[in-house]
Amino acid sequence: MARKHDGVDDTVNNATMPQIGAAWTFMCWVLLDAIPGASSDDALAGYAEAWNSSTHDKELYLQVDASLNKLWVAYIYDGASKTAAYQDNTIAIGKWYHLVGTHVGAGNLKLYVDGVDRATLATSGNSYTGYATPELLTAPATRITTQTAVALNGRVAEVKLWNAALTLNEILQEMRCGAPVSKLANLQAYWPLWGVASPEPDLSGQGKNGTVTGAISADHAPVGPYVVPFSPRSIG
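Residues numbered from 1 in each chain as written. Predicted model: local features only at pLDDT ≥ 70, side-chain atom pairs only at ≥ 80, totals over all residues. Heavy atoms only, no water.

Asks: Looking at this model, I keep getting lost on the overall build of the protein. Mind explaining?
Replies: Regarding its fold elements, the protein presents 1 helix and 16 strands. Looking at the protein alone, contacts between residues at least 24 apart form 70% of all its contacts between residues at least 6 apart. Surface accessibility of the protein: about 8,800 Å² in total, with carbon and sulfur atoms responsible for 51%. (Helix = DSSP H or I, 4+ residues; strand = E, 2+ residues; numbered from the N terminus. Contact = heavy atoms within 4.5 Å. Areas by Shrake-Rupley, 256 points an atom, 1.4 Å probe, with all protein chains shown as cover.)

Asks: So what exactly am I meant to see when it comes to the side chain of His103 here?
Replies: Looking at where His103 falls in the secondary structure, it is placed in strand S8 (residues 96–104). Residue classification places His103 among the buried positions, given a relative accessible area of 0%. Side chain to side chain, His103 and Thr123 meet in a polar contact 2.7 Å long. What His103 contacts, discounting residues up to four positions off in sequence, is Ala22, Ala23, Trp24, Ile76, Asn108, Leu109, Thr123, Gly125, Asn126 and Ala165. (Buried < 20%, exposed > 50% of the residue type's maximum accessible area, 1.4 Å probe, protein only. Polar contact = N/O pair within 3.5 Å; in protein donor to acceptor, adjacent residues only side chain to side chain.)

Asks: What am I meant to see in the pairing of strand S13 (residues 153–162) here?
Replies: Within S13, 9 of the 10 residues are buried, which leaves the element mostly enclosed by the surrounding structure. For strand S1 (residues 2–6) and S13, the ladder comprises 4 bridges, and the chain directions are antiparallel. Of the residues in S13, the one forming a bridge with His5 is Gly154. Bridge analysis of strand S3 (residues 24–32) against S13 gives 7 bridges, and the strand direction is antiparallel. For Val30, the partnering residue across the bridge sits in S13 and is Val156. Inspection of the sheet shows S13 paired to strand S14 (residues 187–191) by 4 bridges, in the antiparallel sense. (Pairing = 2+ DSSP bridges.)

Asks: Looking at this model, I keep getting lost on the packing of aromatic side chains. Mind explaining?
Replies: For any pair of aromatic rings, the description consists of the separation of the ring centres together with the inter-plane angle of the planes. Applying the stated rule across the entire model yields 1 aromatic pair. Where Trp72 meets Tyr97, the ring centres are 5.1 Å apart and the plane angle is 55 degrees; that geometry is what we call tilted. Taken together, the residues Trp72 in strand S6 (residues 70–77) and Tyr97 in strand S8 connect sequence positions 25 residues apart. Classification of Trp72 as buried rests on a relative accessible area of 0%. (Phe/Tyr/Trp six-rings, centres within 6.5 Å; stacked < 30°, edge-to-face > 60°.)

Asks: Looking at this structure, I do not really get the nonpolar core. What am I missing?
Replies: The nonpolar side chains of soluble globular proteins are, as a tendency, buried together. Formed by 37 residues in total, the largest nonpolar core has its most connected members in Phe26, Val30, Leu32, Trp72, Leu111, Leu136 and Val159. With 5 residues, the single largest contributor to this core is S3. The residues touching Val30, leaving out its near neighbours within four places in the chain, are Leu44, Trp72, Lys95, Trp96, Tyr97, Leu99, Leu152 and Arg155. The next biggest cluster of nonpolar side chains, apart from the first, holds 11 residues, and it includes Val100, Tyr112, Leu166 and Ile171. (Core = buried A, V, L, I, M, F, W, Y, C linked by side-chain atoms within 4.5 Å.)

Asks: So what exactly am I meant to see when it comes to the pairing of strand S2 (residues 11–14) here?
Replies: Along a regular strand, successive side chains alternate from one face of the sheet to the other. Burial along S2 is two-sided: Thr11 and Asn13 facing one way and Val12 and Asn14 facing the other are all buried. As defined by bridge partners, S2 adjoins strand S15 (residues 211–213) across 3 bridges and the pair is classed as antiparallel. Residue Thr11 lies in a different strand from S15, and its bridge partner there is Thr213. Pairing geometry for S2 and strand S11 (residues 135–138), over 2 bridges, is antiparallel. Of the residues in S11, the one forming a bridge with Asn14 is Leu136.

Asks: Would you mind showing me how to read unusual backbone geometry here?
Replies: Peptide bonds are, in most cases, trans, and in most cases residues other than glycine have a negative phi. A cis amide bond, omega 10 degrees, links Ser198 with the succeeding residue Pro199. The topology assignment puts Pro199 in the loop between S14 and S15. Not every positive phi belongs to a glycine, and Ser39 is a case in point at roughly 60 degrees. Residue position: Ser39 is located in the loop between S3 and strand S4 (40–48). Judged by its relative accessible area of 27%, Ser39 falls in the partly exposed class. Positive phi is not limited to glycine here, since Leu68 has a value of about 70 degrees.

Asks: What should I look at first to understand the pattern of salt bridges in this one?
Replies: If charged atoms from side chains of opposite charge come close, those side chains can pair. Across all of its chains, the model carries 5 salt bridges by this definition. Notably, a salt bridge pairs Lys4 with Asp33, separated by 3.5 Å at the nearest N-O pair. Here Lys4 is found in strand S1, whereas its partner Asp33 is found in the loop between S3 and S4, with 29 residues between them in sequence. Take Asp33: its relative accessible area is 27%, and that puts it in the partly exposed class. Asp117 serves as the salt-bridge partner of Lys110, at 2.8 Å between the closest nitrogen and oxygen. On the accessibility criterion, Asp117 (35% relative accessible area) is partly exposed. (Salt bridge = Lys/Arg side-chain N within 4 Å of Asp/Glu carboxyl O.)

Put into structure tokens, the structure is as follows:
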């Protein structure tokens, strides 16, 4: 199962996350039940100061511009707002997509969509680490840009966060396997989002369970042992 978000205020969050530095990978599967209108940012998942805050660092979102072009976006704040974006006007309701943002210390922000490297943006190499309460959450609806922020109407599954940048081969492994198999020592959180328990269990071994607000169970992403959830396991 996945977690279905209602487009209003549903979320899964944990507000006790560690600080994540310049190297990181943020990953999830998403299915849209609605696409927002023009000049909207539809937040999917993020690592931020707090729900609906204006301080944010690492996010994945769908942007619809004034001309109704649709773009997948990876975001970072490195002293200024930076985005790696890929325009795809075939983005559709009812289809699962695998999204990954990575940042390496040398200063490249990358966006991968369905296992393909779609965008790269040079950054300063910095990554904000001054959060008072760093928070991992789905559908954060933070004020990402000057456009209208829209809460997700759709499903999220398999949220993973590392304090290291994964390679393309590692991303492809994660996309196919479901349960994490790459750089396990750097894994900071893994929420399958099966929707069978509240709080939502973190299977990374870090104990960062997700508090569920409204998000209900729905069919899972097409990956991994999602029909019968496996038991939490030791990772190391």
